[in-house]
Amino acid sequence: MKRYRNYPKFILFSAIIFAAALATVLAQADDILAHGYGTLTPTATEFATATPTATPGSTLQACRVSNINFFKDSYTAGETIRVRVSLVDGNDLPLVGANVDADVVRQVVSIQSTQPGLGLEDRTGDYDGAYSQTQNPGTYQFTFTATDPTGLRFLPCSAVAQIPVTAPSTVTPTVTPT
């Protein structure tokens, strides 16, 4: 029994020495890594895969105008034309973050005039805009152009749509004798 009497003290003493040694090793490893003397680097194995790189011939796809909605079939002169243009990518998914602009041309039998572009607001793939320079009747032709501001996601696309703007109706008062 005498030889086992010091056994708990031996285990306690061994545990204290082991903990001190472990703390020293961890402190040294932390100091080495913190000062940049060593880095943990993965080692290559036979199962390592190469980093993918761009292959020659991979091309961007053009966007597509999937829908143009003028909200009404026709407008009256002086009324604001509201329009929504829907864009999709090559996989027919809504295209967000594009720059969409429109050039507007008013066509009449003998006169043609062009107004500057109309910026449209992004609504998650639907782009809304309003055009208020409709003082004169005629057919207003909108040429919508969508571009990628980064130049990395898609190629430009465009579409054309027309909307009639009619002259306001004039009512002639009827005269009733009194």
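Attention in this report is confined to the structure presented alongside it. (Residues numbered from 1 in each chain as written. Predicted model: local features only at pLDDT ≥ 70, side-chain atom pairs only at ≥ 80, totals over all residues. Heavy atoms only, no water.)

### Description of the overall build of the protein
This is how it is decided: Here a strand is any run of E in DSSP of at least two residues, a helix any run of H or I of at least four, and the numbering for each starts at the N terminus. The rule is simple: take the accessible area with a 1.4 Å probe, protein chains only, and divide by the maximum for that residue type; under 20% is buried, over 50% is exposed, in between is partly exposed. The contact criterion used throughout is that any non-hydrogen atoms of two residues lie within 4.5 Å. Accessible areas in this description were obtained via Shrake-Rupley with a 1.4 Å probe; residue shielding takes into account the shown protein chains only.
In terms of helices and strands, the protein carries one helix and nine strands. Tracing the protein from N to C terminus, the helices and strands come up as α-β-β-β-β-β-β-β-β-β. When the 178 residues of the protein are sorted by exposure, 23% land in the buried category. Across the protein, every contact between residues at least 6 apart in sequence was considered, and the portion connecting residues at least 24 apart equals 62%. Carbon and sulfur atoms make up 58% of the accessible area of the protein, which totals about 13100 Å².

### Digging into the state of the cysteines
Two cysteines joined by a covalent bond between their sulfur atoms form a disulfide. The criterion, for reference: Our working definition of a disulfide is a cysteine sulfur pair at a distance within 2.5 Å.
Per the stated rule, a full pass over the model turns up one disulfide. A sulfur-sulfur separation of 2.0 Å characterises the disulfide bridge that pairs Cys 63 with Cys 157. Linking Cys 63 and Cys 157, the disulfide has an S-S dihedral of approximately -100° and is accordingly described as left-handed. Pair noted here: Cys 63 is in the loop between helix H1 (7-34) and strand E1 (64-69) and Cys 157 is in strand E9 (residues 157-166), with a separation of 94 residues, a long-range link. Residue classification places Cys 63 among the buried positions, given a relative accessible area of 6%.

### Details of the pattern of salt bridges
What counts, and what does not: We define a salt bridge as a side-chain nitrogen of Lys or Arg found within 4 Å of a carboxyl oxygen belonging to Asp or Glu.
Applying the stated criterion across every chain yields a total of four salt bridges. The partner of Lys 72 in a salt bridge is Glu 79, and the shortest N-O contact between them spans 2.4 Å. Across the pair Asp 128 and Arg 84 runs a salt bridge whose closest N-O atoms are separated by 2.6 Å. Separated by 44 residues along the polypeptide, Asp 128 in strand E7 (residues 126-131) and Arg 84 in strand E3 (residues 81-88) bring together distant segments of the chain.

### So, the sheet that holds E3
Counted only if it meets this: Strand pairing is defined by DSSP finding a minimum of two bridges between the two strands. To get an axis, a line is fitted to the C-alpha atoms, and for a helix only the part in contact is used. The angle between two axes follows their N-to-C directions and goes from 0 to 180 degrees.
An order of E1-E3-E7-E6 is seen for the four strands of this open sheet, with the pairing classed as antiparallel. In the strand order of this sheet, the two ends are held by E1 and strand E6 (121-123), each with one partner. Shown here is a sheet whose adjacent strand axes are inclined to one another by a mean of 30°, direction ignored. In this sheet, E7 lies alongside E6 in antiparallel orientation, the contact comprising three bridges. Following the sheet pairing, Asp 122 is matched in E7 by Tyr 127.

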